[in-house]
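Remarks on the overall topology
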Amino acid sequence: MMEKLRAAEARRRATIGGVADRWRALPLWQRAVGFLAFVAFLYYLPYLGIPGLTWLRTDYIVGGNSWAGVLFTCAIYVLVAIGLNVVVGLAGLLDLGYIGFFAIGAYSVALFGSTNSPVVQWLQQSFDLPQTWAVTWAACIPIALALSLVSGVILGWPTLRLRGDYLAIVTLGFGEIIRIVARNLTEVTNGAAGISAIPGPQGPPAADNNIFGLQDLKPWYWLAITVVLLMVFAVRLLENSRVGRSWLAIREDEDAAAVMGVYPFKFKLWAFAIGAALGGLSGFLFASRNAFIDPTQFNAQLSILFVAMVVVGGSGNMVGVAFGAVLLAYLPERFRFIADYRWLAFGVAMVVVMVLRPQGLIPSRRRARELQDRAKEAKVSV
């Protein structure tokens, strides 16, 4: 059975490799047209009605969730995966506490943008402001980015001298610390009761929010996918810059990179800070859409799921991690009719993927070559 699976995987790999080679051989203008068509399809997805593809919609099954809402979740997870890929895939750092940055971004808009926040209520009393006053949604964006970035620097400064398992344990502890602080610091975060009335682009949740309301979720998806596309472009530029090349050198061999003039600590700190900012931005959008958050939404299980997106999709490849994020966000929603067994199926699927594709479903070409070279070295040593 395993041999048949491996043979099928080899055929699939050859097919995908041939398609990728043909795509790269196309003229630039044809690739640009293809990319624009793909972007247009992404914006069309909430209206998906193409015959033969409507079965993909989650609202076509019994007990299924809103299709636009699931698409929004997929977009948020893709943004998370892109940020975590900077840390794990490019810089080679194992971060198991990424949920902490996600929570910081979510609590940033909740603490400063909601009139039910203890922080906003304290500011109202201290500066004699009206009870309807709160920081606007747009002004909360730089606050979320700044707090997330600073938290990444604070976490990375004392811990990035660690490597491997030790760094993973420290980051896992950071994620749990953020959740526990949010639960116990009731004077600031409202504790386990959470914070409601979190604003969106049109302000706090209200019946007259005709665009970014709680019923029609298509505008939320379009907002999220726009942010994702902008961040993909920014991270791609960064990956092809001197900073990105330094991250790859550190991932390959930190000691060799240091000998060649790359200062590992500085560039690892950059990776942590940029990844934290993207995680905070995704948490910001998550809280704005839900209009309510509490500490139970930011648990370690979700943090492990974030890492699984990157590993399953293909660490180091933005297309791969995005694909992994969509799969892990969409499939549990699509197969709700087997709710009692879907996590078992999810676990089995992950084991099969890791056995057949240890480099991920869509790995970076560099990473795939690394694993092939290591396999050859292992055979020679045997």
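Cut-offs and rules
- Residues numbered from 1 in each chain as written.
- Predicted model: local features only at pLDDT ≥ 70, side-chain atom pairs only at ≥ 80, totals over all residues.
- Heavy atoms only, no water.
- Helix = DSSP H or I, 4+ residues; strand = E, 2+ residues; numbered from the N terminus.
- Buried < 20%, exposed > 50% of the residue type's maximum accessible area, 1.4 Å probe, protein only.
- Contact = heavy atoms within 4.5 Å.
- Areas by Shrake-Rupley, 256 points an atom, 1.4 Å probe, with all protein chains shown as cover.
- Phe/Tyr/Trp six-rings, centres within 6.5 Å; stacked < 30°, edge-to-face > 60°.
- Lys NZ or Arg CZ within 6 Å of the ring centre and 35° of its normal.
- Core = buried A, V, L, I, M, F, W, Y, C linked by side-chain atoms within 4.5 Å.
- Salt bridge = Lys/Arg side-chain N within 4 Å of Asp/Glu carboxyl O.

For the chain, the count of helices and strands is 16 helices and zero strands. With 382 residues in all, the chain has 46% of them scored as buried. Residue pairs at least 24 apart in sequence account for 72% of intrachain contacts in the chain once pairs closer than 6 positions are excluded. On the chain, roughly 19,600 Å² of surface is accessible, and the fraction owed to carbon and sulfur atoms is 67%.

A full pass over the atoms with the stated rule returns 17 aromatic pairs. Both rings, one in F72 and one in W220, keep their centres 6.3 Å apart while their planes meet at 80 degrees; by these two values the pair is edge-to-face. Residue F72 is located in helix 3 (residues 67-90), and its partner W220 is located in helix 9 (residues 218-239); the two are separated by 148 residues in the primary sequence. Per residue, the accessibility class of F72 equals that of W220, and both read buried. Within the aromatic cluster, the residues linked to one another by ring pairs are Y77, F102, Y107, F286, F298 and F306. It is R161 that lies over the ring of F265; its NZ or CZ is 4.4 Å from the centre.

Moving on, we get to the nonpolar core. In terms of nonpolar packing, the biggest core is built from 95 residues, with Y77, I293, F298 and F306 touching the most fellow members. The dominant element in this core, judged by the number of residues it contributes, is helix 3, at 19 residues.

On to the pattern of salt bridges, then. Scanning the model with the defined rule gives six salt bridges in all. A salt bridge links E176 to R179; the nearest nitrogen and oxygen atoms lie 2.8 Å apart. One end of the pair is E176 and the other is R179, both in helix 7 (residues 164-184) and three residues apart, which spans about a single turn. On the basis of relative accessible area, E176 is assigned to the partly exposed category, the value being 23%.

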